[in-house]
Amino acid sequence: EMAERLLALYADRSTARGFLFSPDTELHREFDRFFAYEETPDQIKAIGEIKKDMTSDKPMDRLLCGDVGYGKTEVAVRAAFKSVMNGKQAAVLVPTTILAQQHFNTFTDRLGRYSVRVESLSRFNGRTDEHDLADLILTQRIHGHRHGEIRLARSRRADAERDVVLANRLNV
């Protein structure tokens, strides 16, 4: 039964069309240059593969994994940046409240200069239900022009599993 469901799922996905993100612009390249460290070869490869997936009209099906301290967060930051610059939502689910706070700090630091507001949903700030999430509609401005409604959130997985529905999202 499980194999049948997986076959059906992948058959559906093979004909589905995903969102076609725009190619990188000078703004993306500028954002990449603000990374404080030198990228590892694995980071460069992962970033390239993910951006290639994002600029394809096929639904993305990728899992990024690696040991602690090997740069997964920066890969996720760049995917989220590409997402919000294309008017989409990004959500990062993490296993612990501490990691949610660390990611919140990193994402805020990296995205703040681009007028992208980042929010964290965790027990630290009491924003853990879908009604609070509805208050996270953000307006991003690029060069003084309204670019669209953006919601960008960082969350502990347990908090997000309470039937929180993120509209127009990219799961990073």
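Everything numeric here is computed off the predicted structure, so don't read it as measured data. (Residues numbered from 1 in each chain as written. Predicted model: local features only at pLDDT ≥ 70, side-chain atom pairs only at ≥ 80, totals over all residues. Heavy atoms only, no water.)

Asks: Report on a nonpolar patch on the surface, specifying residues and quantitative values.
Replies: There is a patch of nonpolar side chains on the surface, built from Met2, Leu6, Leu9 and Tyr10 and spanning about 400 Å² of accessible area. Examined against the element boundaries, Tyr10 turns out to sit in helix H1 (residues 2-15). The partly exposed category is assigned to Tyr10, whose relative accessible area is 43%. (Patch = residues over 30% accessible without salt bridge, like charges linked within 9 Å, V, L, I, M, F, W, Y side chains within 5 Å. Areas by Shrake-Rupley, 256 points an atom, 1.4 Å probe, with all protein chains shown as cover. Salt bridge = Lys/Arg side-chain N within 4 Å of Asp/Glu carboxyl O. Helix = DSSP H or I, 4+ residues; strand = E, 2+ residues; numbered from the N terminus. Buried < 20%, exposed > 50% of the residue type's maximum accessible area, 1.4 Å probe, protein only.)

Asks: Can you break down the pattern of salt bridges residue by residue, with the values?
Replies: In the structure shown here, the tally under the stated rule is 13 salt bridges. Ionic pairing is found between Arg17 and Asp57, a salt bridge with its closest N-O pair at 2.7 Å. With Arg17 in the loop between H1 and helix H2 (26-33) and Asp57 in the loop between helix H3 (41-54) and helix H4 (72-85), the pair connects residues that are 40 residues apart, well separated along the chain. Judged by its relative accessible area of 67%, Arg17 falls in the exposed class.

Asks: How would you summarise the side chain of Gln43 if you had to cite specific residues and measurements?
Replies: For Gln43, the location among the structural elements is in helix H3. On the basis of relative accessibility, which here comes to 5%, the residue Gln43 falls in the buried class.

Asks: Just give me the short version of H2, but keep the residues and values in it.
Replies: Of the positions making up H2, those classed as buried are His28, Phe31 and Asp32. Along the axis of H2, the buried residues cluster in a sector spanning 100°; they form a single face. Among the structural elements, H3, H4 and helix H5 (97-111) are those in contact with the buried residues of H2. Of the residues flanking the start of H2, the one acting as N-cap is Thr25, its side-chain oxygen 3.2 Å from the backbone nitrogen of Leu27. (Arc of directions from axis to C-beta. Contact = heavy atoms within 4.5 Å. Polar contact = N/O pair within 3.5 Å; in protein donor to acceptor, adjacent residues only side chain to side chain.)

Asks: Go over the confidence of the model for the protein, please, and point to the residues and values.
Replies: Predicted confidence across the protein gives a mean pLDDT of 76, with 72% of residues reaching 70 or more. Within the model, pLDDT remains below 50 along residues 128-163, and this stretch shows 108 contacts once partners closer than five positions in the same chain are excluded. (pLDDT = per-residue confidence, 0-100.)

Asks: Please set out the packing of aromatic side chains residue by residue, giving values where relevant.
Replies: For the structure on display, the rule yields five aromatic pairs. When the centroid spacing of 3.9 Å and the interplanar angle of 5° are considered together, the rings of Phe31 and Phe81 count as stacked. In this pair, Phe31 sits in helix H2 while Phe81 sits in helix H4, placing the two residues 50 residues apart along the sequence. Phe81 carries the same exposure label as Phe31, and that label is buried. Considering the side-chain rings of Phe31 and Tyr114, the 5.5 Å spacing of their centres and the 65° angle between planes classify their relative orientation as edge-to-face. Separated by 83 residues along the polypeptide, Phe31 in helix H2 and Tyr114 in the loop between H5 and strand S2 (119-121) bring together distant segments of the chain. The class for Phe31 is buried, based on a relative accessible area of 0%. Judged by relative accessible area, which is 8%, Tyr114 ranks as buried. By the ring-pair criterion, three or more aromatic residues cluster together here, those being Phe31, Phe81 and Tyr114. For the cation-ring pair, Arg110 lies above Phe31, with the distance from its terminal atom to the ring centre recorded as 4.1 Å. (Phe/Tyr/Trp six-rings, centres within 6.5 Å; stacked < 30°, edge-to-face > 60°. Lys NZ or Arg CZ within 6 Å of the ring centre and 35° of its normal.)

Asks: So what's going on with the environment of Lys82? Which residues, and what values?
Replies: Counting through the fold element by element, Lys82 comes out in helix H4. Lys82 sits in the buried class, given a relative accessible area of 1%. Considered as a pair, Lys82 and Leu27 are 55 residues apart in the sequence and their alpha carbons are 9.8 Å apart. Among the polar contacts made by the side chain of Lys82, one reaches the main-chain carbonyl oxygen of Ser22 at a distance of 2.8 Å. Only 2.6 Å separates the side chain of Lys82 from the side chain of Asp24, close enough to count as a polar contact.

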